[in-house]
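Now for the letters of each chain:
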Amino acid sequence: MRVAILGSGRGSNAEAILSAQAAGRLGRARVVGIFSDVADAGILALGPRFGVPATFVDPAPFRTKLEGDGEARFVAAVSAVHPDMVVLAGFMRVLKPGFLGAFEGRIINLHPSLLPRFPGLDAVGQALRAGAKVTGCTVHRVTAVIDGGAIIAQTEVPIGEGETHDSLAQKVHAAEHALLPSVIARLSGAGAAA
Ligand code: GAR
């Protein structure tokens, strides 16, 4: 199962996926390309480290969504690696019908809350401000409804007394790093990762 990863930031979840692959814990999945809309994103530095092509794709002309010329460039670049699955690991743009249609039924997203609670931006901050006692992370299928596709798997993270944004974000990230590779392994048809 050929996997393309899209991300905009640090890439700690992409690193967790690639580390799982290196350790033989990614089932029949194999990462064949990393793509970012941010030229200096940390996620792109993983390419040389793990021997996977990593590419900046110009997302212009829009700032928060992928549409028009930028969308066409992403569709072309990602199509070129022939992915069976497209994993959004911190890709911070809203996808539109051109990209969604090109990879229909093959796109999954990671979100730092227990959806349907706290969709959208800063889900960790939303959970703290709501006074929630528990939050977590979700892997779900991507549709035109933002953070709204079918849920595949979730992990709960308890929110402690005096929890800060940083401490909670760290706990949610740790949960994500375990959840996302195990879901990819399972979807590859090879059983859960160890
Ligand atoms: C992750 O926490 C992911 O859940 C979140 O971005 C972070 C990326 O971290 N995604 C979203 O908020 C999407 N709406 P990383 O670059 O270290 O993997």
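These figures come from a predicted structure and were not determined experimentally.

S.K.: Any chance you could break down unusual backbone geometry for me, citing the residues and the numbers?
M.R.: The step from Ala-60 to Pro-61 runs through a cis peptide bond, and the omega angle for that step is 20 degrees. Residue placement: Pro-61 occurs in the loop between β3 (54-56) and β4 (65-66). The step from Leu-115 to Pro-116 runs through a cis peptide bond, and the omega angle for that step is 10 degrees. Take Pro-116: it is sitting in the loop between β7 (107-111) and α5 (123-129).

S.K.: Residue-level account of the nonpolar core, with values.
M.R.: Nonpolar side chains in soluble globular proteins tend to end up buried together. Judged by nonpolar contacts, the single largest core of 38 residues is most densely connected at Ile-5, Ile-17, Val-31, Ile-43, Val-87, Leu-180 and Ile-184. Here this core takes 8 residues from helix α6 (residues 165-187), the largest share from any one element. Once residues lying within four places of it in the same chain are set aside, the contact partners of Ile-43 are Ile-5, Leu-6, Gly-7, Gly-9, Arg-10, Gly-11, Ala-14, Ile-34, Ser-36 and Ala-89.

S.K.: Could you give me a rundown of the site of the ligand, with the residues and numbers involved?
M.R.: Gly-9, Arg-10, Gly-11, Ser-12, Asn-13, Gly-90, Met-92, Leu-110, His-111, Pro-112, His-173 and Glu-176 make up every residue found near the ligand. In this structure, an oxygen atom belonging to the ligand sits 2.5 Å away from a side-chain N or O atom of Ser-12. When the ligand is considered free in solution it has 450 Å² of accessible area, and contact with the protein chains removes 86% of it. Mapped by element, the contributors of at least two residues to the shell around the ligand are α1 (12-22), β7 and α6. Of the residues contributing to the shell around the ligand, the split by class is 3 nonpolar, 7 polar and 2 charged.

Cut-off values and rules
Residues numbered from 1 in each chain as written. Predicted model: local features only at pLDDT ≥ 70, side-chain atom pairs only at ≥ 80, totals over all residues. Heavy atoms only, no water. Helix = DSSP H or I, 4+ residues; strand = E, 2+ residues; numbered from the N terminus. Core = buried A, V, L, I, M, F, W, Y, C linked by side-chain atoms within 4.5 Å. Buried < 20%, exposed > 50% of the residue type's maximum accessible area, 1.4 Å probe, protein only. Contact = heavy atoms within 4.5 Å. Near = heavy atom within 4 Å. Polar contact = N/O pair within 3.5 Å; in protein donor to acceptor, adjacent residues only side chain to side chain. Areas by Shrake-Rupley, 256 points an atom, 1.4 Å probe, with all protein chains shown as cover. Nonpolar A, V, L, I, M, F, W, Y, C, P; charged D, E, K, R; others polar.

Honestly, that's just the spatial picture; any functional story needs more than this.
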